[in-house]
Amino acid sequence: GAVVSQHPSWVICKSGTSVKIECRSLDFQATTMFWYRQFPKQSLMLMATSNEGSKATYEQGVEKDKFLINHASLTLSTLTVTSAHPEDSSFYICSASAGGTGINQPQHFGDGTRLSIL
Amino acid sequence: GENVEQHPSTLSVQEGDSAVIKCTYSDSASNYFPWYKQELGKRPQLIIDIRSNVGEKKDQRIAVTLNKTAKHFSLHITETQPEDSAVYFCAASRQRGNYQLIWGAGTKLIIKP
């Protein structure tokens, strides 16, 4: 149980392109989804938190106009990297949680998306 | 500010020996502490978690202990096996809600055959 699917797993595109990444909870309702960025050999850096039907909460230093997040349903959240540039190249990974009952629930991760901007 | 310190950054143990990874958190309101294992190029996977109303939790070869007074928690792996080699992350829940976690920097565990 608690399976999270993330697509695509790998993207290579030209500078200036916008890239959309999907994160789906397959067998549970994810009231909260999280988007992380992970640099090589480093920890997970939280970018934003999204709740179904409401605006995402971005961490300090993360440009909301650059990283558009939509959480339209209890099973789907998307991250769009707009006008991507080489410095946006990274490993992006989402997680989903059934939190919302007043206590923390485990975060379940997708497989991640390796984004390379040429 | 909010912070989770994790030590050591790298741990090398002989197969069959035990491994211990320690984390310290700063937010006294944190009440949920998960541990994740991440193999190279793969997703982090939850291996065990503990809540603040419990001092210890065990699942086969893996155990976690929590000392709320000292604000630290530890992961213990006994009878280590080659497949235990990975990066392990600890995390603590954030006080200001929305179920966010504050992450440790990670420990690379190497099991020597």
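## Regarding the overall build of chain B
On a plain count of helices and strands, chain B comes out with 0 helices and 11 strands. Going residue by residue from the N terminus, the α and β elements of chain B occur as β-β-β-β-β-β-β-β-β-β-β. Taken over the C-alpha trace, chain B has a radius of gyration of 14 Å; the compact-globule value for 113 residues is 13 Å, and the two agree within 12%. Taken over 113 residues, chain B has a buried fraction of 44%. A fraction of 52% describes how many contacts in chain B between residues 6 or more apart in sequence connect residues 24 or more apart. Counting only carbon and sulfur atoms, one obtains 46% of the accessible surface of chain B, whose full area is about 5,700 Å². Side-chain charges of chain B comprise 14 positive and 12 negative groups, with the mean position of each set lying 5 Å from the other.

## Points about the layout of surface pockets
Looking at the largest pocket, its volume works out to about 600 Å³. Residue lining of the largest pocket: 26 residues in total, with A:Pro40, A:Lys41, A:Gln42, B:Leu40 and B:Val87 positioned closest to the centre. Counting residues per element, the ones that place at least two in the lining of the largest pocket are strand 9 (90–97) of chain A together with strand 9 (86–93) and strand 11 (107–112) of chain B. Of all the elements, strand 11 of chain B adds the most residues to the lining of the largest pocket, at 4 residues. Here the lining of the largest pocket is built from residues that sort into 10 nonpolar, 12 polar and 4 charged.

## Here we look at the confidence of the model for chain A
Overall, the predicted model of chain A reaches an average pLDDT of 92, with 97% of residues at or above 70. Mean pLDDT across the elements of chain A bottoms out in strand 7 (residues 67–73) of chain A (91) and peaks in strand 1 (residues 4–7) of chain A (97).

## A few points about the sheet that holds strand 8 (residues 76–81) of chain A
Residue and element names in this part refer to chain A. The antiparallel open sheet is built from 4 strands, whose spatial order is 1-3-8-7. In the strand order of this sheet, the two ends are held by strand 1 and strand 7, each with one partner. Going from strand to strand, the sheet's axes swing by 15 degrees on average, the running direction of each strand aside. Here strand 3 (residues 19–25) runs beside strand 8; their pairing, made up of 6 bridges, is antiparallel. Residue pairing across strands places Val19 opposite Val81, the latter belonging to strand 8.

## Quick look at a nonpolar patch on the surface
A cluster of nonpolar side chains, namely A:Trp10, A:Ile12 and A:Leu118, defines an oily patch on the protein surface of about 390 Å² accessible area. Considering the arrangement of structural elements, one finds A:Leu118 in the segment after strand 11 (113–117).

## What to know about the packing of aromatic side chains
Here the structure, examined in full by the defined rule, presents 11 aromatic pairs over all chains. With a centroid separation of 5.8 Å and an interplanar angle of 90 degrees, the aromatic rings of A:Tyr36 and B:Trp103 are classed as edge-to-face. One end of the pair, A:Tyr36, is in strand 4 (residues 32–38); the other, B:Trp103, is in strand 10 (residues 101–103), on a second chain. The same class applies to A:Tyr36 as to B:Trp103, namely buried.

## Quick word on the sheet that holds strand 3 (residues 19–25) of chain B
Residues and elements named next belong to chain B. Taken in spatial order, the 5 strands of this open sheet run 1-3-8-7-6, and their pairing is antiparallel. Each edge of the open sheet is held by one strand with a lone partner, namely strand 1 (4–7) and strand 6 (56–59). For this sheet, the mean angle separating the axes of adjacent strands, direction not counted, is 15 degrees.

## A word on the interface of chain B and chain A
With 20 residues of chain B in contact, the opposing surface of chain A contributes 27 residues. When the two sides are added together, the surface that chain B and chain A hide from each other amounts to roughly 2,000 Å², 46% of it contributed by carbon and sulfur. On the chain B side of the interface with chain A, the three residues burying the most area are B:Arg43, B:Tyr99 and B:Trp103, jointly 37% of the side's total. Across the chain B-chain A interface, the total number found is 2 salt bridges. For the interface between chain B and chain A, the tally reads 10 residue pairs in polar contact (both at pLDDT 80 or more). Contributing elements (two or more residues each) for the side of chain B that touches chain A: strand 4 (32–38), strand 5 (45–51), strand 9 and strand 10 of chain B. Grouping the amino acids of the side of chain B that touches chain A by side-chain chemistry returns 9 nonpolar, 6 polar and 5 charged.

Conventions adopted
Residues numbered from 1 in each chain as written. Chains lettered and ligands numbered in written order. Predicted model: local features only at pLDDT ≥ 70, side-chain atom pairs only at ≥ 80, totals over all residues. Heavy atoms only, no water. Helix = DSSP H or I, 4+ residues; strand = E, 2+ residues; numbered from the N terminus. Rg over C-alpha atoms; globule rule 2.2 N^0.38 Å. Buried < 20%, exposed > 50% of the residue type's maximum accessible area, 1.4 Å probe, protein only. Contact = heavy atoms within 4.5 Å. Areas by Shrake-Rupley, 256 points an atom, 1.4 Å probe, with all protein chains shown as cover. Lys, Arg positive; Asp, Glu negative; His and termini not counted. Charge placed at Lys NZ, Arg CZ, Asp CG, Glu CD. 1 Å grid on protein atoms, 1.4 Å probe; cavity = no way out; pocket = protein on both sides within 12 Å on 5 of 7 lines; lining within 4 Å. Points joined across faces, edges and corners; volume = space filled by probe spheres on them. Nonpolar A, V, L, I, M, F, W, Y, C, P; charged D, E, K, R; others polar. pLDDT = per-residue confidence, 0-100. Pairing = 2+ DSSP bridges. Axes fitted to C-alpha atoms, helices over the stretch in contact; angles between N-to-C directions. Patch = residues over 30% accessible without salt bridge, like charges linked within 9 Å, V, L, I, M, F, W, Y side chains within 5 Å. Salt bridge = Lys/Arg side-chain N within 4 Å of Asp/Glu carboxyl O. Phe/Tyr/Trp six-rings, centres within 6.5 Å; stacked < 30°, edge-to-face > 60°. Buried area = accessible area lost by both parts, 1.4 Å probe. Polar contact = N/O pair within 3.5 Å; in protein donor to acceptor, adjacent residues only side chain to side chain.

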